[in-house]
Amino acid sequence: MHFSLDAVTTTALALLLLAIGAGLKRRLKWLEHFCVPTPVVGGFGFALLAWLLRDLGLVTFELDTAMQSPLMIAFFTTVGLGGSLALLKKGGKALGVYLVACWLLALMQNGVGIGMASLLGLDPLIGLMAGATSLEGGFGAAAAFGPEAEALGAQGATTAAIASATFGMIIGGVIGAPIARWIIDRRQIPIEAEDVHDLEKLTAEERPTVASIDGPMLLRVLAIVVPIMVLGLWFKESLATHLGIILPSYVGAMFVAIVLRNFNDRFHWVSMPDNALSSLGDVALGVFLTMAMMNLKIWQLQEMGGSLLLILLVQTLAIVFLGVFVLFRLLGRNYDAAVLTAGFIGHGMGATPNAVANMSAVCEHYRVVSHKAFIIVPLCGAVLIDIVAIPAITWCLNAFA
């Protein structure tokens, strides 16, 4: 039996699964204790069920995830609208440290993948597919570079890349938040973001605004967010057309949102309550990531050989070591550093939305938001990392062909 779900039905199912995940987190205390992101609970649970039913030959599902992109853009628009420079003016050093760590991770993942593949008697390009190509690069880079590696003689490179990206998406969404919680509890870190101290120095106009969320307020927020999404897409297309600069769809919207937020802070064009923006962003992210998780084809992992699985396990240990023992310490060993570490593991193994879900789970657990982390991680994980990652992958493809 085959079920083909259209975009509306798929979105409705994602909403239902997100609600189920939230309910399970309230009832199963261990899920809350380990800060497992709510979208992972519902979405990954569906992916497991779909895998089981497919293996039994009973049911297969085909999902239309057309709403994923608009939801992702909506979320990152709300992130950009929360990017007041007054709150982030002290984040320069953390941004630099985090970005360098992302660049080092890309080089390390390529080195580990190629080195392990050579030791195990595999084509080095298969190891590259289990490196930054599919881990930091995600499904997009895996689909782009896999055929290129096959054209250079690496048989099965595309399958290895997609399987590795699937593995990374799952692991990145599962272990990031629990590791951050372990760091915080083990070191007894004070539960306060650096931005909390900055608030004491802000003027009344610069402080985050809070208002009751009702129908008119939601209408106002949507009337701000949706046009910015459109402007962001226009900005992205203009960069691609006139300058040849290719950016992920949501980066343009986030950039436009940051610019407009800071102009609005100065000229006070419109009221943008931060709690309303945050609520809208939380819903958009939750549905988007649930949809991404439920569409995972876990059976692709069955096609991985033991050697590829071993490489990915080593990659997992490597990023945990780099995050916990290097990045966390360099970022100051505080609450912000722990939240950033959760994000680092999320997008270093999976994708930027994974990172944001990890950080959201940590902040929800401790009830303190790290504004710095929610700006630094999307900016580095989605855009700036490619300055080193893409050339490094390209060089390795040619060097080990």
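Just above sits the structure.
Residues numbered from 1 in each chain as written. Predicted model: local features only at pLDDT ≥ 70, side-chain atom pairs only at ≥ 80, totals over all residues. Heavy atoms only, no water.

Another aspect to go through is the packing of helix H11 (residues 215–243) against helix H12 (residues 249–267). At their nearest, the axes of H11 and H12 sit 7 Å apart, and the two run at 115° to each other. The interaxial crossing formed by H11 with H12 has right-handed handedness. Two secondary-structure elements touch here, H11 through Ile228, Met229, Leu231, Gly232, Leu233, Phe235 and Lys236 and H12 through Ser249, Gly252, Ala253, Phe255, Val256, Ala257 and Leu260. In the contact of H11 with H12, the residues fall into ten nonpolar, three polar and one charged. (Axes fitted to C-alpha atoms, helices over the stretch in contact; angles between N-to-C directions. Helix = DSSP H or I, 4+ residues; strand = E, 2+ residues; numbered from the N terminus. Left-handed = near helix turned anticlockwise from the far one by under 90°. Contact = heavy atoms within 4.5 Å. Nonpolar A, V, L, I, M, F, W, Y, C, P; charged D, E, K, R; others polar.)

A full pass over the atoms with the stated rule returns two salt bridges. A salt bridge links lysine 236 to glutamate 237, with the shortest nitrogen-to-oxygen separation between them at 3.4 Å. With a relative accessible area of 16%, lysine 236 lands in the buried category. Assessed through its relative accessible area of 43%, glutamate 237 is described here as partly exposed. (Salt bridge = Lys/Arg side-chain N within 4 Å of Asp/Glu carboxyl O. Buried < 20%, exposed > 50% of the residue type's maximum accessible area, 1.4 Å probe, protein only.)

Tallied over the full model, the rule gives eight aromatic pairs. Ring geometry for tyrosine 98 versus phenylalanine 344: centroids 5.9 Å apart, planes at 80°, classification edge-to-face. Separated by 246 residues along the polypeptide, tyrosine 98 in helix H6 (residues 92–119) and phenylalanine 344 in helix H15 (residues 335–349) bring together distant segments of the chain. Ring centres 6.4 Å apart and planes at 85° place the aromatic pair tryptophan 395 and phenylalanine 400 in the edge-to-face group. Site record: aromatic cluster; members linked through ring pairs are Phe3, Phe46 and Phe61. (Phe/Tyr/Trp six-rings, centres within 6.5 Å; stacked < 30°, edge-to-face > 60°.)

Attention now moves to the nonpolar core. As a rule of thumb, nonpolar side chains are buried together in soluble globular proteins. Among the nonpolar cores identified, the biggest contains 125 residues, and Tyr98, Met129, Tyr335, Phe344 and Val362 are the most heavily contacted of them. In terms of residue count, helix H9 (residues 157–187) provides more of this core than any other element does, 14 residues in total. When residues no more than four places from it in sequence are discounted, the contact partners of valine 362 are Ala177, Ala180, Ile184, Tyr335, Val339 and Ala342. (Core = buried A, V, L, I, M, F, W, Y, C linked by side-chain atoms within 4.5 Å.)

From the geometry alone we can't say anything about function, so treat these as descriptive.
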